[in-house]
Amino acid sequence: MADTDPDELERRIARTRAELAQTVDAIADRVSPKRVAERTVADVRSRAGHFVASVGDALGMTPRPVEFGDDPDRVWEEERPELGPLLIGVGAVLVVGAAVVLWRRRRRRR
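This one's a predicted model, so the numbers in the text were calculated from it and none came from an experiment. (Residues numbered from 1 in each chain as written. Predicted model: local features only at pLDDT ≥ 70, side-chain atom pairs only at ≥ 80, totals over all residues. Heavy atoms only, no water.)

Student: Just to check I follow, could you spell out the overall build of the protein for this structure?
Tutor: Within the protein, the regular secondary structure consists of three helices and zero strands. When its helices and strands are written in sequence order, the protein yields α-α-α. The buried share of the protein, taken over its 110 residues, is 4%. Accessible surface, the protein: about 10300 Å² in total, of which carbon and sulfur atoms supply 60%. (Helix = DSSP H or I, 4+ residues; strand = E, 2+ residues; numbered from the N terminus. Buried < 20%, exposed > 50% of the residue type's maximum accessible area, 1.4 Å probe, protein only. Areas by Shrake-Rupley, 256 points an atom, 1.4 Å probe, with all protein chains shown as cover.)

Here's what the structure looks like:
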């Protein structure tokens, strides 16, 4: 037969309520706009960091730490970055973006 001790049932109910309250709090914390925004910002920062690192790798530039107080004119003294490929890439992206915008505008007018 089932355990019908009232004290035991009350303890189980109290434990279940506490577990349910923790679960509801965890769900509320997870879906709160503030937490969602914090996670999104952290994700964007992480992705941007990886993107910058991959662009640096593609250009052959390895990041190195710069100490506070370093002379800004001497930061690139050892190796100057090659900005030509980067500028060509940015220009190509802008040209393609402008072409897409113009193509969409002409397509809408028809």
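Additional details are given in the paragraphs that follow.
Student: Any chance you could explain a nonpolar patch on the surface here in plain terms?
Tutor: A grouping of Leu-83, Leu-86, Leu-87, Val-90 and Leu-94 is seen on the molecular surface, where their side chains present a nonpolar patch of about 470 Å² in accessible area. Among the residues examined, Val-90 registers a relative accessible area of 43% and is labelled partly exposed. (Patch = residues over 30% accessible without salt bridge, like charges linked within 9 Å, V, L, I, M, F, W, Y side chains within 5 Å. Salt bridge = Lys/Arg side-chain N within 4 Å of Asp/Glu carboxyl O.)

Student: What should I look at first to understand the UniProt feature "transmembrane region" (unreviewed entry) in the protein in this one?
Tutor: Taking the numbering used here, the UniProt-annotated feature "transmembrane region" (unreviewed entry) corresponds to residues 83-103. Across residues 83-103, helical content stands at 95% and strand content at 0%; the span's end C-alpha atoms are separated by 30 Å. (UniProt positions renumbered as here; feature names shortened; annotations may be inferred.)

Student: Would you mind showing me how to read a positive patch on the surface here?
Tutor: Taken together, Arg-104, Arg-105, Arg-106, Arg-107, Arg-108, Arg-109 and Arg-110 make up a surface patch of like positive charges. In this structure, Arg-109 sits in helix H3 (residues 84-109). (Lys, Arg positive; Asp, Glu negative; His and termini not counted. Charge placed at Lys NZ, Arg CZ, Asp CG, Glu CD.)

Student: Before we go on, may I ask you to explain the pattern of salt bridges in this structure?
Tutor: When the charged atoms of two side chains with opposite charge come close together, those side chains can pair. Under the defined criterion, the tally for this structure stands at five salt bridges. Close ionic contact of Glu-8 with Arg-12 constitutes a salt bridge, the shortest N to O distance being 3.3 Å. Residue Glu-8 and its partner Arg-12 are both found in helix H1 (residues 6-31); the two are separated by four residues, about one turn of the helix. Here Arg-35 makes a salt bridge to Asp-29, at a shortest N to O gap of 2.8 Å. Where salt bridges share partners, they join Glu-8, Arg-11 and Arg-12 into one cluster.

Student: Sorry, what's going on with the environment of Pro-85 here?
Tutor: Structurally, the position occupied by Pro-85 is in helix H3. Judged by relative accessible area, which is 48%, Pro-85 ranks as partly exposed. Taking C-alpha positions, Pro-85 is 9.5 Å from Ala-58, a pair spaced 27 residues apart along the chain.

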